[in-house]
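Structural description and commentary
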Amino acid sequence: MQLVIDSANIEKIKYLQEYFPIDGVTTNPTIIVKEKKPFLPLLQEIRDIIGNEKELFVQTVGSQAEEMVKEAQFINKELSGNIIVKIPVTTEGIKAIKLLKEQGIRTLATTVYTPMSAYVAAKAGAEYVAPYVNRIDNLTGNGIQVVKDIVTIFKQHELSCKLLGASFGNVQQIQQVCLAGAEGITAAPELIEAMLTIPSVDANVQQFKDDWLALYGKGAINLMETK
Ligand code: G3P
């Protein structure tokens with residue numbers, strides 16, 4: 001199950017790469033423009049932080065299939081390492097996914113709101129689909145149910161496409177997507193950190209330390225210093 005960072009912020013990616021078991025980074029045009037930097041050097045900087053093995057997801061901007069194909073080729077030429085090109089599930093996008101599959105360029109079908117979009121994208125040759133869980137919920141849909149249905153359809157019809165859950169508003173949604181059988185999730189740095197933000201853990205750890213120091217003395221700050 002992949003844990004992917006949905007951000008282009010260098011400081012946050014550096015921090016998460018150091019502390020968390022991260023598998024890659026997803027971006028989209030909105031995420032990139034937030035950083036107010038030239039996009040190619042920014043993406044290369046992300047690549048340098050995560051290394052060549054981990055997947056870096058970069059989205060196209062053009063509207064026509066042929067443009068998207070050219071953008072995908074461009075991205076693959078300009079950036080090193082494992083690149084997955086994110087393509088929106090418009091009709092032109094599906095055509096682009098088909099053409100890119102023939103060229104051996106890896107794709108993720110993004111802006112997925114329904115199981116049927118995911119089904120078509122998978123058939124077209126997308127390696128991943130990214131259902132937008134929180135945005136579906138905000139439309140009073142059921143993002144988790146959409147994920148469950150996609151998982152079922154892929155299984156029943158032996159489609160080898162992977163599901164990367166995306167667009168989350170809270171950790172509960174992420175947990176539900178994990179339980180539904182997704183191959184991975186991509187979430188904002190704040191939500192990845194929130195997975196470990198549990199006040200009881202800090203309180204327990206403090207109690208362990210206090211008990212230790214009470215018997216062995218103030219200097220016993222770790223096992224090596226304990227006499
Ligand atoms: O990766 C998908 C994504 O960036 C959309 O997330 O939080 O803007 O709905 P959000």
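Relevant structure appears above.
Throughout this document, residue positions are counted from 1 along each chain, in the order its sequence is written. Two thresholds apply to this predicted model, a pLDDT of at least 70 for residue-level local features and 80 or more for giving and counting side-chain atom pairs, whereas whole-chain, interface and lining totals are computed over all residues. Calculation of side-chain values draws on the structure's entire complement of heavy atoms; hydrogens and water are dropped beforehand.

Here we come to the site of the ligand. Here a residue is near a molecule or strand as soon as one of its heavy atoms is found within 4 Å of it. What surrounds the ligand is the set Asp6, Asn28, Ile31, Lys86, Tyr132, Arg135, Ala166 and Ser167. For this analysis, a polar contact is any N or O atom pair within 3.5 Å, provided that within protein one partner can donate a hydrogen and the other can accept it, and provided that sequence-adjacent residues contribute only side-chain to side-chain pairs. The side chain of Asn28 places a nitrogen or oxygen atom 2.9 Å from an oxygen atom of the ligand. One of the side-chain nitrogen or oxygen atoms of Arg135 is found 2.6 Å away from an oxygen atom of the ligand. The Shrake-Rupley method, run with a 1.4 Å probe sphere, supplies the accessible areas, and residue values consider only the shown protein chains as cover. The protein chains hide 76% of the 310 Å² of surface that the ligand would expose on its own. Of the two site types, the cavity is a set of points on a 1 Å grid over the protein atoms alone where a 1.4 Å probe fits but cannot get out, and the pocket is an open set with protein on both sides within 12 Å along at least five of seven lines, each lined by residues with an atom within 4 Å of a point. Pocket occupancy is defined atom-wise: a molecule lies in a cavity or pocket when more than half of its atoms are within 2 Å of its grid points. Spatially, the ligand is embedded in the largest pocket.

This part takes up helix 9 (residues 171-179). Note on exposure labels: buried denotes an accessible area under 20% of the residue type's maximum, exposed denotes more than 50%, and partly exposed covers the range between, all computed with a 1.4 Å probe on protein chains only. To qualify as a helix, a DSSP run of H or I must reach at least 4 residues; to qualify as a strand, a run of E must reach at least 2; elements of each kind are numbered from the N terminus. Those residues of helix 9 that fall on the buried side of the exposure criterion are Gln173, Ile174 and Val177. Here the buried residues of helix 9 occupy an arc of 100 degrees about the axis, which is enough to place them on one side. We call two residues in contact whenever any of their non-hydrogen atoms come within 4.5 Å of each other. Its buried side turned inward, helix 9 meets helix 7 (133-138), helix 8 (143-156), strand 7 (162-165), strand 8 (184-187) and helix 10 (189-194). A side-chain oxygen of the first residue of helix 9 lies 3.1 Å from the backbone nitrogen of Gln172; this N-cap is Asn170. Directly after helix 9, the chain includes Gly181, whose backbone phi takes a positive value near 100 degrees. Picture the helix axis, draw a direction to every C-beta atom, and the arc is the one those directions span.

Moving on to a nonpolar patch on the surface. A contiguous nonpolar surface patch, about 600 Å² in accessible area, is contributed by Trp212, Leu215, Tyr216, Leu223 and Met224. The topology assignment puts Met224 in the segment after helix 11 (199-216). Of the residues examined, Met224 reaches a relative accessible area of 65% and is grouped as exposed. Each patch is built from residues that are more than 30% exposed by relative accessible area and take part in no salt bridge. Like charges join if they lie within 9 Å; nonpolar side chains (Val, Leu, Ile, Met, Phe, Trp, Tyr) join within 5 Å. Throughout this description, the term salt bridge denotes a Lys or Arg side-chain nitrogen within 4 Å of a carboxyl oxygen of Asp or Glu.

When DSSP finds at least two bridges between two strands, those strands are taken to pair. Here we have 8 strands rolled up into a closed barrel, ordered 1-2-3-4-5-6-7-8, and parallel in their pairing. Here the strands of the sheet are splayed against their neighbours by 25 degrees on average, with no regard to which way each runs. The sheet contact formed by strand 1 (residues 2-6) and strand 2 (residues 24-26) spans 3 bridges and is parallel. Paired with Val4 across the bridge in strand 2 is Gly24. Here helix 5 (residues 91-102) sits on the sheet in contact with strand 4 (83-88) and strand 5 (107-112), set at roughly 150 degrees to strand 4. Each axis is a line fitted through C-alpha atoms, and for a helix only the stretch in contact is used; angles between axes span 0 to 180 degrees, taken between their N-to-C directions.

Mapped onto the secondary structure, Ser7 falls in the loop between strand 1 and helix 1 (10-19). What makes Ser7 buried here is its relative accessible area of 8%. Not counting the four nearest positions on each side in its chain, Ser7 is found in contact with Ile13, Val25, Thr26, Thr27, Ile31 and Pro189.

Another point: the pattern of salt bridges. Here the structure, examined in full by the defined rule, presents 6 salt bridges. Measuring nitrogen to oxygen at the nearest pair gives 2.9 Å for the salt bridge that ties Glu190 to Lys12. Residue Glu190 is located in helix 10, and its partner Lys12 is located in helix 1; the two are separated by 178 residues in the primary sequence. Taking the shortest distance from any N to any O, the salt bridge between Glu127 and Arg106 comes out at 2.7 Å. Pair noted here: Glu127 is in the loop between helix 6 (115-124) and strand 6 (128-131) and Arg106 is in the loop between helix 5 and strand 5, with a separation of 21 residues, a long-range link. Look at Arg106 and you get partly exposed, because its relative accessible area is 26%. Salt bridges here are not isolated pairs; linked through shared partners, they connect Glu55, Arg106, Glu127 and Lys162.

Below, the discussion takes up unusual backbone geometry. Even without being a glycine, Lys36 presents a positive backbone phi close to 50 degrees. Checked against the element boundaries, Lys36 lands in the loop between helix 2 (29-33) and helix 3 (39-50). When its relative accessible area of 75% is taken as the criterion, Lys36 is described as exposed. At Ser167, a residue that is not glycine, the phi angle is positive and equals roughly 60 degrees. With respect to the helices and strands, the residue Ser167 is situated in the loop between strand 7 and helix 9. According to the relative accessible area criterion, Ser167 is buried, its value standing at 16%.

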